Amino acid sequence: DDPVDDWGNPLTVRSSALYAATVIAGGTVIDTDTTWTAAESPYLITGDVTVQTSSKLTITEGVTVLFLADTDDQTSGDELYDSELLVDGQIYAQGTAEAPVTFTSTASNPEPGQWGGIRIGQRDDYDTEDSRFDYVVVQYSGYGIVTSKPNADLRITNSEFNSQGGYAITLRGYTYLPSDSHVLVDNNQFRSSGIRTYSAVDYGRLTISNNVFSTIKTGYGIRASDLWFEMDLVISNNRISMSQPAQ
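Since the structure is predicted, the reported quantities are computational estimates derived from the model, not experimental observations.

Novice: Quick one: what's the story with unusual backbone geometry, residue by residue and with numbers?
Specialist: With an omega of 5 degrees, the peptide bond between Ser41 and Pro42 qualifies as cis. Tracing the backbone through its elements, the reader meets Pro42 in the loop between strand S3 (34-36) and strand S4 (43-45). One non-glycine residue, Asn187, lies in positive phi territory at about 60 degrees. For Asn187, the position within the fold is in the loop between strand S18 (182-186) and strand S19 (189-191). The phi dihedral of Asn237 is positive, around 55 degrees, even though this residue is not glycine. Topologically, Asn237 is positioned in the loop between strand S24 (232-236) and strand S25 (239-242).

Novice: Could you give an account of the sheet that holds S19, with specific residues and numbers?
Specialist: In space, the 9 strands of this open sheet follow the order S1-S4-S7-S10-S13-S16-S19-S22-S25, with parallel pairing throughout. At either margin of the open sheet sits one strand with a lone partner, and together these are strand S1 (22-24) and S25. Neighbour to neighbour, the strand axes of the sheet diverge by 10 degrees on average, direction disregarded.

Novice: Residues and numbers for the pattern of salt bridges, please.
Specialist: One side chain can pair with another of opposite charge once the charged atoms of both are near each other. Inspection of the entire model under this criterion finds 4 salt bridges. Close ionic contact of Arg132 with Asp130 constitutes a salt bridge, the shortest N to O distance being 3.5 Å. No difference in accessibility class separates Arg132 from Asp130, as the two residues are buried. When the shortest N-O distance is used, the salt bridge between Asp153 and Arg155 registers 3.1 Å. Relative accessible area serves as the criterion here: at 24%, Arg155 is assigned to the partly exposed category. By sharing partners, the salt bridges in this structure join Asp130, Arg132, Asp153 and Arg155 into a single network.

Novice: So what's going on with the packing of aromatic side chains? Which residues, and what values?
Specialist: One pass over the structure, following the stated rule, counts 4 aromatic pairs. Ring centres of Trp36 and Tyr43 lie 4.8 Å apart, and the angle between their planes is 15 degrees; on these two criteria the pair is classed as stacked. Like Tyr43, Trp36 is buried. Judged by centre distance (5.1 Å) and plane angle (5 degrees), the ring pair of Phe161 and Phe190 falls under stacked. Here Phe190 lies in strand S19 and Phe161 lies in strand S16 (residues 160-162), a separation of 29 residues in the sequence. The burial state of Phe161 is the same as that of Phe190; both residues are buried. Joined through ring pairs, the aromatic side chains of Phe161, Phe190 and Phe213 make up one cluster. One residue, Lys56, lies across the ring of Tyr92, its end atom 3.9 Å from the ring centre. If you follow Arg119 out to its NZ or CZ, it ends over the ring of Tyr143, 4.9 Å from the centre.

Novice: Lay out the pairing of strand S13 (residues 136-139) in plain terms, naming residues and giving numbers.
Specialist: Burial of S13 is two-sided: the residues Val136 and Val138 facing one way and the residues Val137 and Gln139 facing the other way are all buried. One ladder, built from 3 bridges, connects strand S10 (residues 101-105) with S13; its direction is parallel. Note on S13: the bridge partner recorded for Val101 is Val136. One ladder, built from 3 bridges, connects S13 with S16; its direction is parallel. Across the sheet, residue Val137 finds its bridge partner in S16, namely Glu160.

Novice: Residue-level account of the sheet that holds strand S21 (residues 205-209), with values.
Specialist: If you walk across this open sheet you meet the 8 strands as S3-S6-S9-S12-S15-S18-S21-S24, and the pairing is parallel. With one partner strand each, in any of the chains shown, S3 and S24 form the two edges of the open sheet. Geometrically, the sheet is characterised by an average inter-axis angle of 10 degrees between neighbouring strands, direction not taken into account. Of the strand pairs in this sheet, strand S15 (residues 153-157) and S18 are connected by 5 bridges, and their pairing is parallel. Within S18, the residue paired with Arg155 across the bridge is Leu184.

Procedures and definitions
- Residues numbered from 1 in each chain as written.
- Predicted model: local features only at pLDDT ≥ 70, side-chain atom pairs only at ≥ 80, totals over all residues.
- Heavy atoms only, no water.
- Helix = DSSP H or I, 4+ residues; strand = E, 2+ residues; numbered from the N terminus.
- Pairing = 2+ DSSP bridges.
- Axes fitted to C-alpha atoms, helices over the stretch in contact; angles between N-to-C directions.
- Salt bridge = Lys/Arg side-chain N within 4 Å of Asp/Glu carboxyl O.
- Buried < 20%, exposed > 50% of the residue type's maximum accessible area, 1.4 Å probe, protein only.
- Phe/Tyr/Trp six-rings, centres within 6.5 Å; stacked < 30°, edge-to-face > 60°.
- Lys NZ or Arg CZ within 6 Å of the ring centre and 35° of its normal.

This is the structure in structure tokens:
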């Protein structure tokens with residue numbers, strides 16, 4: 001108790017220190033072509049960061065992107081209390097087998113859902129811009145990678161998804177899409193959560209192939225629903241093991 005109000009206002013402090021070579025504050029807007037490199041890694045994101053339309057974020061091999069756990073200094077985006085990377089332009093995250101690009105939480109004992117995720121496209125009127133994730137690790141996010149771009153050209157390959165709060169990848173669209181659009185999810189490892197695609201109208205080509213899903217807890221390794229009109233859907237050579245049955 002402080003009956004005379006002379007103790008000041010309460011402060012929240014953290015019991016551990018964080019090292020980051022580069023801090024990207026919430027509210028940062030990337031409006032020119034930008035490259036994040038291993039020399040400037042790790043990058044610490046403290047709130048929602050946006051890649052604007054017609055701008056490209058390239059993340060090179062060996063980079064670690066840390067999201068401040070359970071924090072969004074902007075209180076914005078889809079997850080009001082978790083930091084997110086919101087891509088209206090392009091993102092190329094290109095690691096190697098020896099030096100992947102890693103997106104993860106800062107927590108010393110991380111848990112699923114401690115940062116929001118990577119959202120590509122937030123409305124349905126963008127020109128086609130391609131994005132690539134090759135040899136990346138995504139872990140402890142709320143929703144992994146989501147695209148709402150109706151003309152998505154997205155390739156996710158040779159990557160690992162560990163301990164997401166929901167689906168690791170969600171692919172959705174709400175309008176007629178150009179027939180040459182292509183979403184490829186190939187040769188990835190999924191642990192605890194899988195892929196969902198829905199509301200795809202003339203999505204062009206969607207290929208989900210050569211992936212391994214283990215100890216899936218979301219109820220589905222691959223869930224496809226509400227796929228309307230013409231769509232070239234290929235699901236092949238995936239291996240799924242469940243930790244609990246679909247409901």
